[in-house]
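Okay, here's what each chain looks like letter by letter:
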Amino acid sequence: MANDKAEAMFIVARLIAMVKTIMTCQTALLVLLIAEERRRRQMIQANLIQTNNLLLNLIALPQSTQRKVWMKIRSKIWWERDVLTLYDDEDWRNNFRMTRGSFQKLCGVMEGIMKPEEVTVRAPIPLEMRVAIVLYKLANCAEYRIVAKKFGVHKSTVKKMVYQFCTGMVTSALQNFIKVPTTEEAISIASRFEQKFHIPQIIGCIDGTHIPVLPPTDGHKYFVNHKGWPSYVLQAVVDDTYRFWNINCKMPGCSHNADVLRQSTLFSEEHLLPKLVYGSTRFGHRERSGFRTG
C-alpha cells in the first residue's frame, strides 16, 4: 500500500510539472505573438506616415506652368528714335552728363569689357545702349525700374550692366586715365597753374567729398560723417583743367582729412611724385616735389 501511494504521488508530481511546462511554453508563445503583432502594427503605421508625407510633398510642389511668351516686347522708342536721332550735345549733357563725342570715346574704352557675345539665343543689347543705360542710371540716380522702362529692358538687365561697367572700369580701364603725371606733364601743369593763378610749383589741387552709402550694422557709427549721415570719404587730386590724376575712396565717413591723406596712395607713394627742377630766374634754382594742397 505504501508503495502504491508513493507511486501515485510521483505520477501526480510529474503531471503537475508537465502542466507547468506547458503553461510556461504557452505564455512564452503568447508573448512572442503579441510582440510580433506590435512590430507589424508599427511597420504599418510608419509606412502610412511615410506615404502621407510623400503625398503632402507632392501636393506642396509648385505646379509647372507654361510660359505665355518667350520674351516680353518692350518699347525702345526713346533710345532708338529720340536719343540716337534727335538729341544734340546739350540734350546729351542733360541726360548722360557728356557730349555724344565723349560718349563714343567711352564706348570704345568699354568695348573689351561690355561688348555683347556673338552667339546668343535672342538679339543682344548693343554696346552703345549698354553704356547709355549705365550713364543714365549714374547721372540721374533713378531706380532700376525707371531706367529699365526708359530703355525698354528688364530691371535685372540694368543692374547687370551697371555692375559690369563699374567693375570693369575700376579693375582695368581706370588705370589708363587716372595716373600720376610724368615729369614733362607736371612741368606743363605747373606752368599753366602759374599762368592762370600766379602761384608757382603747383601740379594738383586736393580736396574731398562724402559718398553716401548703406553702412554695415556692425560699426555703423564709424561711417557717420560730421553732417550726420553715413558715407565713404573720397579724396581726389585734379590738375588745372579739372582732370583727376589721383583718387582714394576707402576711409569711412568719420575719418579726419589727415587720416584720409595718410591712408591714401598719394601719401604712401609720395616718392613717386615728379620732382620739378626749375633753372630759370622765373622759378628759381630749386628742386621740389611738385604738389601743394589747395
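Quick note: structure is the one above.
Here is a short report on the structure shown in this document. Since the model is a prediction, treat every value here as computed from it, not as a measurement.

### Comments concerning the sheet that holds strand 3 (residues 244–252)
Part 1 of the reasoning: Pairing within the open sheet is antiparallel, and its three strands lie in the order 1-2-3. Of all the strands in the sheet, just strand 1 (205–212) and strand 3 have a single pairing partner and so form its edges. Each neighbouring strand pair of the sheet contributes to a mean axis angle of 20°, computed without reference to strand direction.
Part 2 of the reasoning: Pairing geometry for strand 1 and strand 2 (residues 231–238), over eight bridges, is antiparallel. Each bridged residue has a counterpart across the sheet, and for T209 the counterpart in strand 2 is L234.

### A look at the environment of A148
Part 1 of the reasoning: In this structure, A148 sits in helix 7 (residues 144–151).
Part 2 of the reasoning: In sequence terms A148 and K76 are 72 residues apart; their C-alpha atoms lie 10.0 Å from each other.

### Describing the pairing of strand 2
Part 1 of the reasoning: With six of its eight residues buried, strand 2 lies for the most part within the structure.
Part 2 of the reasoning: The antiparallel pairing of strand 2 with strand 3 creates a hairpin that spans five residues between the two strands, and Y242 there sits at a positive phi of about 70°.

### A few points about the packing of helix 6 (residues 127–140) against helix 8 (residues 155–171)
Part 1 of the reasoning: Packing of helix 6 against helix 8 brings their axes to within 9 Å, and their N-to-C directions diverge by 90°. Put simply, helix 6 runs roughly perpendicular to helix 8. Of the residues in helix 8, those touching helix 6 at R130, V131, I133, V134 and K137 are V158, M161, V162, Q164 and F165.
Part 2 of the reasoning: Taken together, the residues that form the contact of helix 6 with helix 8 break down as seven nonpolar, one polar and two charged.

### As for the packing of aromatic side chains
Part 1 of the reasoning: Applying the stated rule across the entire model yields 11 aromatic pairs.
Part 2 of the reasoning: Judged by centre distance (5.5 Å) and plane angle (70°), the rings of W78 and Y136 are edge-to-face. Taken as a pair, W78 in helix 2 (residues 77–86) and Y136 in helix 6 lie far apart in primary sequence, 58 residues in all. When sorted by exposure, W78 lands in the same class as Y136, which is buried.
Part 3 of the reasoning: Aromatic rings pair up to connect W78, W79, Y87, W92, F96, F103, Y136 and F151 into one cluster.
Part 4 of the reasoning: For the cation-ring pair, K137 lies above Y144, with the distance from its terminal atom to the ring centre recorded as 4.6 Å.
Part 5 of the reasoning: Lying over the aromatic face of Y163, K159 brings its terminal NZ or CZ to 5.7 Å of the ring centre.

### Some details on the side chain of H210
Part 1 of the reasoning: Structurally, H210 is set in strand 1.
Part 2 of the reasoning: Within the structure, H210 has its side chain in polar contact with the side chain of S231 (distance 2.9 Å).
Part 3 of the reasoning: The contacts of H210, once residues within four sequence positions are left out, are N225, H226, W229, S231, Y232, V233 and G253.

### Re the side chain of D240
Part 1 of the reasoning: Inspection of the secondary structure assignment puts D240 in the loop between strand 2 and strand 3.
Part 2 of the reasoning: Within the local environment of D240, its side chain forms a polar contact with the side chain of K196, the two groups lying 3.2 Å apart.
Part 3 of the reasoning: Leave out the neighbours within four places in its chain, and D240 touches I189, R192, F193 and K196.

### Considerations on the pattern of salt bridges
Once their charged atoms are close, side chains differing in charge can pair, the charge on each being opposite to the other.
Part 1 of the reasoning: For the coordinates displayed, the defined rule picks out 10 salt bridges.
Part 2 of the reasoning: In this structure, R81 and D82 form a salt bridge, with 2.9 Å as the shortest nitrogen-oxygen distance.
Part 3 of the reasoning: Relative accessible area serves as the criterion here: at 49%, R81 is assigned to the partly exposed category.
Part 4 of the reasoning: With relative accessibility at 15%, the residue D82 sits in the buried group.
Part 5 of the reasoning: Residue R192 pairs with D240 through a salt bridge whose shortest N-O separation is 2.7 Å. Here R192 is found in helix 9 (residues 183–197), whereas its partner D240 is found in the loop between strand 2 and strand 3, with 48 residues between them in sequence.
Part 6 of the reasoning: Residue classification places R192 among the partly exposed positions, given a relative accessible area of 25%.
Part 7 of the reasoning: Judged by its relative accessible area of 5%, D240 is buried.
Part 8 of the reasoning: Among the ionic contacts, a cluster of salt bridges with common partners joins E37, R40 and R41.

### Considering the packing of helix 4 (residues 100–109) against helix 6
Part 1 of the reasoning: One way to put it is that helix 4 packs onto helix 6 with a least axis distance of 10 Å and a crossing angle of 110°. Comparing the axis directions of helix 4 and helix 6 gives the class roughly perpendicular. When you trace helix 4 past helix 6, the crossing you get is right-handed. Together, F103, L106 and C107 of helix 4 and L127, E128, V131, A132 and L135 of helix 6 make up the contact between the two elements.
Part 2 of the reasoning: Its residues assigned to classes, the contact of helix 4 with helix 6 comprises seven nonpolar, no polar and one charged.

### Remarks on unusual backbone geometry
Part 1 of the reasoning: Phi at R97 takes a positive value of approximately 65°, unusual for a residue other than glycine.
Part 2 of the reasoning: Position of R97 among the secondary structure elements: in the loop between helix 3 (89–96) and helix 4.
Part 3 of the reasoning: Classification of R97 by relative accessible area gives exposed; the value is 61%.
Part 4 of the reasoning: Here the phi dihedral of C141 falls at roughly 55°; this positive angle occurs in a residue that is not glycine.
Part 5 of the reasoning: Within the secondary structure layout, C141 lies in the loop between helix 6 and helix 7.
Part 6 of the reasoning: What makes C141 exposed here is its relative accessible area of 68%.

What counts and how
- Residues numbered from 1 in each chain as written.
- Predicted model: local features only at pLDDT ≥ 70, side-chain atom pairs only at ≥ 80, totals over all residues.
- Heavy atoms only, no water.
- Pairing = 2+ DSSP bridges.
- Helix = DSSP H or I, 4+ residues; strand = E, 2+ residues; numbered from the N terminus.
- Axes fitted to C-alpha atoms, helices over the stretch in contact; angles between N-to-C directions.
- Buried < 20%, exposed > 50% of the residue type's maximum accessible area, 1.4 Å probe, protein only.
- Parallel < 35°, antiparallel > 145°, perpendicular 65-115°, else oblique.
- Contact = heavy atoms within 4.5 Å.
- Nonpolar A, V, L, I, M, F, W, Y, C, P; charged D, E, K, R; others polar.
- Phe/Tyr/Trp six-rings, centres within 6.5 Å; stacked < 30°, edge-to-face > 60°.
- Lys NZ or Arg CZ within 6 Å of the ring centre and 35° of its normal.
- Polar contact = N/O pair within 3.5 Å; in protein donor to acceptor, adjacent residues only side chain to side chain.
- Salt bridge = Lys/Arg side-chain N within 4 Å of Asp/Glu carboxyl O.
- Left-handed = near helix turned anticlockwise from the far one by under 90°.

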